[in-house]
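# Notes for the structure review
The chain contents come next:
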Amino acid sequence: MGVRNYLIEGVSGTGKTAVATELQRRGHHVIHGDRELAYKGDPETGEPLDGSERDQPGPDVAFGHKHHLWNVDKVKSLVADRSHPISFFCGGSRNFHRFIDRFDGVFVLDVDMDTLKRRLASRPEDEFGGRQAERDVVLRLHAEKKDIPHNATNIDATAPLAAVVDEILSRCGEAGQEARNPRF
């Protein structure tokens with residue numbers, strides 16, 4: 001949805017939602033991918049899971065994570081819309097390989113294992129990563145580094161939030177600038 005479009009990725013607990021919120025507070029256009037684009041689908045075909053697959057009995061966290069996809073057509077449509085000078089797509093999807101080439105840049109938020117454990121432990125149970133089974137999956141994914149874009153710019157997300165956002169903006173050529181969208 002911008003002349004320039006950036007993807008901000010990372011495992012749960014690295015700060016994607018906090019970064020998105022801070023970017024919005026500063027006046028930038030943000031798409032919260034996990035809220036606005038996500039669905040449960042087949043990672044190979046993109047077909048949405050039917051109700052029996054999506055709502056299978058028991059909390060199979062690894063299954064849910066593997067099938068957490070973004071609507072590719074919607075991503076492509078939003079990227080093609082040039083009504084904003086810059087747009088940030090924040091969140092994680094397991095099918096990013098189907099649209100990653102549409103972005104001007106990709107950032108992966110990264111934290112050390114102790115920081116990640118602390119952040120996940122502070123989450124309520126109704127937020128992903130708040131239950132032990134979810135934390136175990138996230139910690140494994142973080143250690144393996146398989147489920148994130150590899151040719152991305154790593155951002156140290158252990159820094160204070162304002163510094164993390166400043167670093168992202170500086171790498172986008174927006175250092176020290178608030179969004180240039182007039183407010184009507």
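Not measured: the values here are computed from a predicted model.

Their axes nearest at 11 Å, the elements helix α6 (residues 113-121) and helix α7 (residues 132-144) cross at an angle of 160 degrees. The angle between α6 and α7 places the two elements in the roughly antiparallel class. The way α6 lies across α7 gives a crossing that is right-handed. Contact residues: M113, L116, K117, L120 and A121 in α6; R135, V138, L139, H142 and A143 in α7.

Turning our eyes to something else, we now look at the packing of aromatic side chains. Centre-to-centre distance and the angle between the planes together describe a pair of aromatic rings. By the definition in use, this model includes five aromatic pairs. Ring centres 5.0 Å apart and planes at 80 degrees place the aromatic pair F89 and F103 in the edge-to-face group. With F89 in strand β5 (residues 86-90) and F103 in the loop between β5 and β6 (105-110), the pair connects residues that are 14 residues apart, well separated along the chain. Per residue, the accessibility class of F89 equals that of F103, and both read buried.

Taken in spatial order, the five strands of this open sheet run β2-β5-β1-β6-β7, and their pairing is parallel. The open sheet terminates on both sides in strands that have one partner only, identified here as β2 (29-32) and β7 (153-156). Within this sheet the neighbouring strands show an average axis-to-axis angle of 25 degrees, counted without direction. Helix α8 (residues 161-171) rests against β1 (4-9), β5, β6 and β7 of the sheet, and its axis sits at about 155 degrees to β7.

Cut-offs and rules
Residues numbered from 1 in each chain as written. Predicted model: local features only at pLDDT ≥ 70, side-chain atom pairs only at ≥ 80, totals over all residues. Heavy atoms only, no water. Axes fitted to C-alpha atoms, helices over the stretch in contact; angles between N-to-C directions. Helix = DSSP H or I, 4+ residues; strand = E, 2+ residues; numbered from the N terminus. Parallel < 35°, antiparallel > 145°, perpendicular 65-115°, else oblique. Left-handed = near helix turned anticlockwise from the far one by under 90°. Contact = heavy atoms within 4.5 Å. Phe/Tyr/Trp six-rings, centres within 6.5 Å; stacked < 30°, edge-to-face > 60°. Buried < 20%, exposed > 50% of the residue type's maximum accessible area, 1.4 Å probe, protein only. Pairing = 2+ DSSP bridges.

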